[in-house]
Amino acid sequence: MNAKFELEVLSENSNEIVEAFKTEGGAQSLFDRIATQARTIVPDLSTDKGRKEIASIARKVASTKTAFDAHGKALKEQYTVITNKIDADRKLFRDQCDALRDEIRKPLTDWENAKKAREAEIQSKIAEFDKGRIDIGSPAELIKSVIAEIESIEIDDSFDDFKDVAKLRKYECLEHMKVILIEREKFEAEQAELEALRLAEQQRIQREHEEKIAREAAERATREAEEKARLEAERVQREKFEAEQREARLKAEKEAAELRAVQAAENERKRIEAETFAKAEAERKAEEARLADVEHKKQICGEALKGLTNLGVSADQGKAILNAINKGLVPHVSIKF
């Protein structure tokens, strides 16, 4: 390793660091000088001494960084204290000047506020001269009351500089409302006349309606009397017809009853004959079936007996075996007919 240059380690309060913070671009200049020194040293990684020297240079750079940062932090804290005091003094001075300004100006401010309040009150009184308070749709009585109210307002010195304005507004408002009053009274008179005509027409319609109801009631009474008489005549005729029909029905029912009795007797006779024939036919068929079953069983037993005799069993023994099987004396053995 080339040991021509030795990297210096700067302390927190070294002249180089102090001057660096005082000078424009001093920090960059100081760093460039340290970087030049550090980069001038050529490392020798082949020896333990060379490697240790590289680590030493890196620690010196880190130590210089810490010293520089610590000095800058201390300077910042000093400036912060000074800055806070300056800000506090500025606020104190601003607040006191504002208070003094308000104190000196208060009489003028109070006078201006009082003037504004008086003007607002006057404007409120002038606002009563408002043409929009009524229109052509307002009742005549309401228009008259508003006109009387406006006329009662006296334009005196309480209006101050707005006296002429108030007089003009009052005049214009009254003129406007008087014109509307004339139009409204004319309109209400026309409406009253129309209402009288409407009532007269309504009464005429009501009268004609009542006369129509009375006329229709009389006509309805006449129709009801005629209908009642017609219904009575129809009732008498209907009752006479119903009596004749009832007599004829009773006669027909009697003849039908006699005919039904004769027919019932004939039906009963035929039923007995049919039952007797059916019973005899059933007995005949049952006997035929029984004889056929006997013959069938006889054939089966014959075939079974033949099978037994073919096995060397005698005919009597075979019959005895079949008889025992048929009576269920031989377990698990039966004859399939």
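Heads up: these notes are all about the structure in this document. (Residues numbered from 1 in each chain as written. Predicted model: local features only at pLDDT ≥ 70, side-chain atom pairs only at ≥ 80, totals over all residues. Heavy atoms only, no water.)

Considerations on the packing of helix α1 (residues 15-22) against helix α3 (residues 48-126)
Piece 1. With their axes 10 Å apart at the nearest point, α1 and α3 run at an angle of 50 degrees to one another. One element, α1, and the other, α3, form an angle in the oblique class. Both α1 and α3 take part in a crossing whose hand is right-handed. Of α3, the residues touching α1 (which contributes I17, V18, A20 and F21) are A67, F68, H71, G72 and L75.
Piece 2. Of the residues that constitute the contact of α1 with α3, the class distribution is seven nonpolar, two polar and no charged. (Axes fitted to C-alpha atoms, helices over the stretch in contact; angles between N-to-C directions. Helix = DSSP H or I, 4+ residues; strand = E, 2+ residues; numbered from the N terminus. Parallel < 35°, antiparallel > 145°, perpendicular 65-115°, else oblique. Left-handed = near helix turned anticlockwise from the far one by under 90°. Contact = heavy atoms within 4.5 Å. Nonpolar A, V, L, I, M, F, W, Y, C, P; charged D, E, K, R; others polar.)

Some points on the layout of surface pockets
Piece 1. Considering only enclosed or pocket space, the largest pocket measures out at about 180 Å³ in volume.
Piece 2. What lines the largest pocket is simply A27, L30, F31, I34, A35, A38, V61, T64, K65 and F68.
Piece 3. Sorting the residues of the lining of the largest pocket by element identifies α2 (26-40) and α3 as the ones contributing at least two each.
Piece 4. It is α2 that contributes the most residues to the lining of the largest pocket, six residues altogether.
Piece 5. Across the lining of the largest pocket, the residue classes break down as eight nonpolar, one polar and one charged. (1 Å grid on protein atoms, 1.4 Å probe; cavity = no way out; pocket = protein on both sides within 12 Å on 5 of 7 lines; lining within 4 Å. Points joined across faces, edges and corners; volume = space filled by probe spheres on them.)

Re the pattern of salt bridges
Piece 1. Using the criterion set out here, one finds 26 salt bridges in the structure.
Piece 2. In this structure, K52 engages D48 in a salt bridge whose closest nitrogen and oxygen atoms are separated by 3.2 Å. A residue pair is termed a helical-turn pair when its members lie 3 or 4 positions apart in one helix, as K52 and D48 do in helix α3 at four residues.
Piece 3. Between R204 and E208 there is a salt bridge, with the nearest N and O atoms lying 2.7 Å from each other. In this pair, R204 and E208 both sit in helix α5 (residues 163-310), four residues apart, roughly one turn of the helix.
Piece 4. Using a relative accessible area of 30% as the deciding quantity, one classes R204 as partly exposed.
Piece 5. With a relative accessible area of 43%, E208 lands in the partly exposed category.
Piece 6. The structure contains a network of salt bridges with shared partners spanning E141, K144 and E185. (Salt bridge = Lys/Arg side-chain N within 4 Å of Asp/Glu carboxyl O. Buried < 20%, exposed > 50% of the residue type's maximum accessible area, 1.4 Å probe, protein only.)

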